[in-house]
Amino acid sequence: MAKKQPFLTDVKTLRAHAEYVEGENLLDMIKEDLVAERIAIDSYREMIAYVGEQDSTTKRMLEGILAMEEEHADDLVGMLQELA
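Residues numbered from 1 in each chain as written. Predicted model: local features only at pLDDT ≥ 70, side-chain atom pairs only at ≥ 80, totals over all residues. Heavy atoms only, no water.

> Just checking my understanding: could you explain the nonpolar core for this structure?
One broad rule of soluble globular proteins: the nonpolar side chains tend to lie buried together. Core analysis: the biggest nonpolar cluster contains twelve residues, these being Ile30, Leu34, Ala40, Ile41, Tyr44, Ile48, Val51, Leu62, Leu66, Ala73, Leu76 and Leu80. Elements with a minimum of two residues in this core: helix H2 (26–51) and helix H3 (56–83). Ranked by residue count, the leading element in this core is H2, at seven residues. What Tyr44 contacts, discounting residues up to four positions off in sequence, is Leu62, Ile65, Leu66 and Glu69. (Core = buried A, V, L, I, M, F, W, Y, C linked by side-chain atoms within 4.5 Å. Buried < 20%, exposed > 50% of the residue type's maximum accessible area, 1.4 Å probe, protein only. Helix = DSSP H or I, 4+ residues; strand = E, 2+ residues; numbered from the N terminus. Contact = heavy atoms within 4.5 Å.)

> Would you mind going over the pattern of salt bridges with me for this structure?
It is possible for side chains bearing opposite charge to pair when their charged atoms get close. Throughout the structure, instances matching the rule amount to two salt bridges. Arg45 is the salt-bridge partner of Glu70, the closest N and O atoms lying 2.9 Å from each other. Separated by 25 residues along the polypeptide, Glu70 in helix H3 and Arg45 in helix H2 bring together distant segments of the chain. Overall, Glu70 belongs to the partly exposed group, its relative accessible area being 26%. In this structure, the salt-bridge partner of Lys59 is Glu53, at a minimum N-O distance of 2.6 Å. Looking at Lys59, the relative accessible area reads 18%, which means it is buried. For Glu53, a relative accessible area of 63% corresponds to the exposed category. (Salt bridge = Lys/Arg side-chain N within 4 Å of Asp/Glu carboxyl O.)

Set out below in structure tokens:
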């Protein structure tokens, strides 16, 4: 009998830094996304600190990703302010 493959969302959930919580409305969904972005931001900051000056290429790459995550969080905060 073939083993059933998990849905893509199940795989993402297993590998995610944050627990996926489905919001009941748009405001809840944006709040949950913001929580996930903040967890990602903290994770990237930890990775940057861990890499330090030992691998400048990886550090720069992580800093670029961190900047995008911070921008996403700022966008979500703006959305929350518009909806509140």
